[in-house]
Amino acid sequence: MSEGNQSTDWAAWSREAVETMMAHNAQWPRQFGLLEAPSYRWDLDKATLVLQAPLHQVVATVCLVGTTSDSEGSFLWSWANDAIPAQHSEALQAVREFGQANDLALLTTPRIVGGRPEATECLCIAGRLQRAVGTFIDKQGDVTLYFTILHLQVAGDEGVLVN
């Protein structure tokens, strides 16, 4: 199925993206035996998120889609933020190209006025286009980080990742 054409209802398409990511987010934690609020740590340079289940760790490959700042009242795409490692903007290239091809300013404007609702929409659209497993959001002071989860696996005993 093609993701876009001239007759696409983009508002409905965006709502579908949000609904899809919400459904994925209800599924993957159960699938990997994660409790409701597992401890976690992320590493932007390695593009990983490690979540602690009761008996094992789950390692995710992630893409930082963007950040919001409470004080600035805006969402900034990672591809427009020089402080974010390049692999994240590279992983978002298809999202930007999709936005350009379909004249969707939400996907091509570096900084968007708004907060969590706008950021969540951008996150879910990116997740849909990246065929993400789900999403992850983390708040660090004034800044909230919005990640797509591209791959998940249980970490093995020797630090070797297994499926």
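Heads up: the structure comes first, above all this text.
Residues numbered from 1 in each chain as written. Predicted model: local features only at pLDDT ≥ 70, side-chain atom pairs only at ≥ 80, totals over all residues. Heavy atoms only, no water.

(A) Looking closely at the overall build of the chain. Secondary structure summary: the chain contains 5 helices and 8 strands in total. When the helices and strands of the chain are listed from N to C terminus, the series reads α-β-β-β-β-α-α-α-β-α-β-β-β. A compact globule built from 163 residues would reach a C-alpha radius of gyration of about 15 Å, and the chain, at 16 Å, matches this within 12%. Dimensions of the chain, computed from the C-alpha atoms along their principal axes, are close to 50 × 40 × 25 Å. (Helix = DSSP H or I, 4+ residues; strand = E, 2+ residues; numbered from the N terminus. Rg over C-alpha atoms; globule rule 2.2 N^0.38 Å.)

(B) Seen up close, the environment of His56. Mapped onto the elements, His56 comes out in the loop between strand E2 (48-52) and strand E3 (57-69). Take His56: its relative accessible area is 24%, and that puts it in the partly exposed class. In the structure, His56 is positioned 32 residues away from His88 in sequence and 27 Å away in space, judged by C-alpha atoms. Ignoring anything within four residues of it in the chain, the contact list for His56 reads Phe32, Leu51 and Val154. (Buried < 20%, exposed > 50% of the residue type's maximum accessible area, 1.4 Å probe, protein only. Contact = heavy atoms within 4.5 Å.)

(C) Structural detail: the pairing of E3. Among the 13 residues in E3, 11 count as buried, and that is most of the element. Taken together, the 5 bridges between E2 and E3 define a ladder with antiparallel strand orientation. Following the sheet pairing, Thr48 is matched in E3 by Thr61. The turn linking E2 back onto E3 is made up of 4 residues. Both E3 and strand E7 (residues 143-155) contribute to a ladder of 11 bridges, which runs antiparallel. Its bridge partner lying in E7, Ala60 is registered against Leu152. (Pairing = 2+ DSSP bridges.)

In short, geometric facts, not functional conclusions.
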